[in-house]
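Overview (structure and organization)
Next come the chains, spelled out residue by residue.
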Amino acid sequence: MKINYSSRLENIISNKKATIGIFGLGYVGMPLSLRFSEVGYKVIGFDIDAKKIRLLNKGNSYIKHISSKQIKKMLSAGFEPSSDFRKVKKCDALVICVPTPLNKNKEPDLTFVNQTLELMLPYLKKGQILSLESTTYPGTSEEIIYPKVTSKGFKVGKDFFLIYSPEREDPGNLDYETSSIPKIVGGFSKSCVSLGIALYSNAINKIVSVSDTRTAEMVKLLENIHRAVNIGLVNEMKILTDRMGLDIFEIIDAASTKPFGFTPYYPGPGLGGHCIPIDPFYLTWKAKEFGLHTRFIELAGEINESMPFFVVDKINSALNKIGISMSKAKILVIGIAYKKNVEDPRESPSIKIMDLLRHAGVEVSYHDPLIPNFPKMKKYKFNLKSLELTKKNLKDQSLILVSTDHDQIDYDFILNHSKLVVDSRGVYKQKNKKIIKA
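Residues numbered from 1 in each chain as written. Predicted model: local features only at pLDDT ≥ 70, side-chain atom pairs only at ≥ 80, totals over all residues. Heavy atoms only, no water.

Thoughts on the overall build of the protein chain
Inclusion rule: The numbering of helices and of strands both runs from the N terminus, where a helix is a DSSP run of H or I of at least 4 residues and a strand a run of E of at least 2. Remark: exposure states derive from per-residue accessible area (1.4 Å probe, protein chains only) relative to the maximum for the residue type, with buried under 20%, exposed over 50%, and partly exposed in between. Two residues form a contact once any of their heavy atoms are found within 4.5 Å. We get accessible surface area from the Shrake-Rupley algorithm with a probe of 1.4 Å; when it comes to residues, only the shown protein chains can shield them. Charged residues are defined narrowly, with Lys and Arg counted positive, Asp and Glu counted negative, and His plus the chain ends left uncounted. Here the site of a charge means NZ on Lys, CZ on Arg, CG on Asp, or CD on Glu.
When helices and strands are counted, the protein chain shows 14 helices and 13 strands. Overall, the C-alpha framework of the protein chain stretches about 85 × 50 × 40 Å when taken along its three principal axes. Per-residue burial for the protein chain yields a buried fraction of 53% across its 438 residues. Long-range contacts, defined as pairs at least 24 residues apart, comprise 68% of the intrachain contacts of the protein chain with a sequence gap of at least 6. Roughly 20,800 Å² of accessible area belongs to the protein chain as shown, and the carbon and sulfur atoms make up 53% of that amount. In the protein chain, the 63 positive side-chain charges and the 46 negative ones have mean positions that sit 4 Å from each other.

Written out as structure tokens, the structure reads:
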């Protein structure tokens, strides 16, 4: 008897009898695993990091906004953290949430996607749906995922189903959670899209379907490029207003009172994280295949990448005014996460600034309540622990740099007990001779 794989899969998804496999248990995969578990699905979480699997199996969380209590609740509901890819055979839905970084030439590095596919490939079976959530260039699903799946003899849209549904997580944003962020779904056929909608609709409040996977892939890039370009614009305005002796933060706040036609974006010491500094280059790389140079996007990237150098120049100027050379200076950097209220240091401009200062001879230290020990990184090595904010420690510094503006930091205490503060985030609204805006 001929099996209708689409109907069977839709039935077990709708009745919450499906087992969901999540690949990559980081800032995207863990919240998604939590959400699917909360609404009643059996979830198997896959990761090649044995440390993460051990922590999860003991009921311990390694992500700030997911508590160990929530992990224990997931485990009691049947959540299964594992590095054993043979368990792919037990899954009905497979969701890939692995990193997609850039290589040293700013070209897409799909190593983790390819590695995950190779590990799961021997255990794929008919009647599964595979969703890629990792950010990538338009055409990835067609050029990489589709050929690997069809090499197994599967017929996509008939007995195996492929979709692209970009992650939209925003760590540290308390206004939204996984369930309340609308989900984009694009597929290879109508049956793929229908099953993608069925997969996510029990966990996400609103689903937005688009015509195909390439469109869905471009949606994600447009979202992040829109942000990167606007931040690039306001960072350039920051440099200009600084030359003119104006306060860019005051200007933005005033412009924001216009009830239409203006959206506030705020400048900083540069861009960080796993999306905004990286994703635009996925499109600039792909555009070259079509004979186009995305000059606007590339210019925004250049401006954003230049901001750590702007901040260091401001620090050097501030030190010169008090007669201290960089080689004799002690500087405490406040915040090394890539943005406020998260514990994620990936691509953080704060760390780039620390590296520039160190190479200039500065004795650098940092304070970050969310990152007590400086993390292991390929690019940067600092043997440091977060320095306690005491009167003595603040007074010992030549200046303080506010680089990441976590809410739990007492900025008045810093100002009151420091010789000089360089503010790259606009946390100080008042005029004070001790405050240097950067």
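Observations regarding the side chain of Q128
For clarity, the threshold we go by: N or O atoms closer than or at 3.5 Å make up a polar contact, with two conditions inside protein: a donor-capable atom paired with an acceptor-capable one, and, for residues adjacent in sequence, both atoms drawn from side chains.
By secondary structure assignment, the location of Q128 is in the loop between α5 (111-120) and β5 (129-132). You can call Q128 buried: its relative accessible area is 0%. Among the polar contacts listed, one links the side chain of Q128 to the backbone nitrogen of K125, at a separation of 2.9 Å.

Regarding the nonpolar core
How we decide: Think of a nonpolar core as a cluster: buried Ala, Val, Leu, Ile, Met, Phe, Trp, Tyr and Cys residues, connected wherever their side-chain atoms sit within 4.5 Å.
If you look at the biggest cluster of nonpolar residues, it comprises 77 residues, and the most contacted ones within it are I20, F36, M120 and L130. It is helix α7 (residues 190-201) that provides the largest number of residues to this core, a total of five residues. Not counting residues up to four positions away in its chain, the partners in contact with F36 are I20, I22, Y41, V43, L199, Y200 and A203. Core analysis: the second largest hydrophobic core is formed by 33 residues, L319, Y380, L399 and L420 among them.

Digging into the packing of helix α8 (residues 213-243) against helix α10 (residues 279-287)
Heads up, the rule is: Angles here are taken between N-to-C directions and fall from 0 to 180 degrees, while the axes themselves are lines fitted to C-alpha atoms, restricted in helices to the stretch in contact. Two helices that cross are described as forming a left-handed crossing if the nearer one is turned anticlockwise from the farther one by less than a right angle, and a right-handed crossing if clockwise. Any residue outside Ala, Val, Leu, Ile, Met, Phe, Trp, Tyr, Cys, Pro, Asp, Glu, Lys and Arg is labelled polar, Gly included; the first ten of those are nonpolar and the last four are charged.
Look at α8 against α10: their axes get within 8 Å of each other, and the N-to-C directions meet at 115°. Where α8 crosses over α10, the two elements pack in a sense that is left-handed. In this structure, α8 contributes M218, K220, L221, N224, I225 and A228 to the contact, and α10 contributes D279, P280, Y282 and L283. Each residue belonging to the contact of α8 with α10 can be placed in one class, and the counts come to seven nonpolar, one polar and two charged.

Observations concerning the pairing of strand β2 (residues 42-46)
Applied cut-off: Whether a crossover is right-handed comes down to one check: with the strands pointing away from the viewer, does the path from the first strand over the helix to the second run clockwise; if it does, it is right-handed. When DSSP finds two or more bridges between a pair of strands, those strands are recorded as paired.
Most of β2 is tucked away: four of the five residues are buried. Viewed along the sheet, the connection from strand β1 (residues 19-23) through helix α2 (residues 29-38) into β2 turns out right-handed. Pairing of β2 with strand β3 (residues 80-82), which is carried by three bridges, proceeds in the parallel orientation. Residue pairing in the sheet places I44 in a bridge with E80 of β3.

Structural notes on the sheet that holds strand β13 (residues 435-437)
The sheet built from five strands is open, its strands ordered β10-β9-β11-β12-β13 with parallel pairing. Of all the strands in the sheet, the pair left with one neighbour each is β10 (363-367) and β13. The average undirected angle you get between the axes of adjacent strands in this sheet is 25°. Contacts between helix α12 (residues 349-359) and the sheet are confined to β9 (330-334), β10 and β11 (399-402), with β10 contributing the most and set at about 160° to the helix.

Looking at a positive patch on the surface
Note the following rule: Only residues whose relative accessible area exceeds 30% and that take part in no salt bridge are eligible for patches, with like-charged residues grouped when within 9 Å of each other and nonpolar side chains (Val, Leu, Ile, Met, Phe, Trp, Tyr) grouped when within 5 Å. Just to be clear on terms, a salt bridge is a Lys or Arg side-chain nitrogen sitting within 4 Å of an Asp or Glu carboxyl oxygen.
Side chains of K51, R54, K58 and K376 sit close together on the surface and give a patch of like positive charge. With respect to the element layout, K51 can be found in helix α3 (residues 50-57).

Quick word on the state of the cysteines
Rules: Put simply, a disulfide is two cysteine sulfurs that come within 2.5 Å.
All chains considered together, the criterion is met by zero disulfides. Sulfur of C192: no disulfide; nearest cysteine sulfur belongs to C91 and is 18 Å away. Classification of C192 as buried rests on a relative accessible area of 0%. Summary of cysteine pairing: C275 is not part of a disulfide, and the nearest cysteine sulfur, belonging to C97, is at 12 Å.

Some thoughts on the packing of aromatic side chains
Put simply, the test is: Any two rings among Phe, Tyr and Trp, with Trp reduced to its six-membered ring, count as a pair given centres within 6.5 Å; such a pair is stacked if its planes are under 30 degrees apart, edge-to-face if over 60, and tilted if neither. Whether a charge lies above a ring is judged from NZ of Lys or CZ of Arg, which has to be within 6 Å of the ring centre and within 35 degrees of the ring normal.
Applying the stated criterion across every chain, the model contains 11 aromatic pairs. When the ring of F23 is compared with that of F85, the centres are 5.7 Å apart and the planes differ by 40°; the resulting orientation is tilted. Of the two residues, F23 is situated in strand β1 and F85 in the loop between β3 and β4 (93-96); the sequence distance between them amounts to 62 residues. By the burial criterion, F23 is buried, and F85 matches it. Between the NZ or CZ atom of K183 and the centre of the ring of Y200, over which it lies, the distance is 4.6 Å.

Looking at the pattern of salt bridges
Taken as a whole and judged by the stated rule, the model has 21 salt bridges. Between D344 and R346 there is a salt bridge, with the nearest N and O atoms lying 2.8 Å from each other. Exposure remark for R346: the relative accessible area of 31% places this residue in the partly exposed category. One network of salt bridges, in which partners are shared, links K42, E80 and K87.

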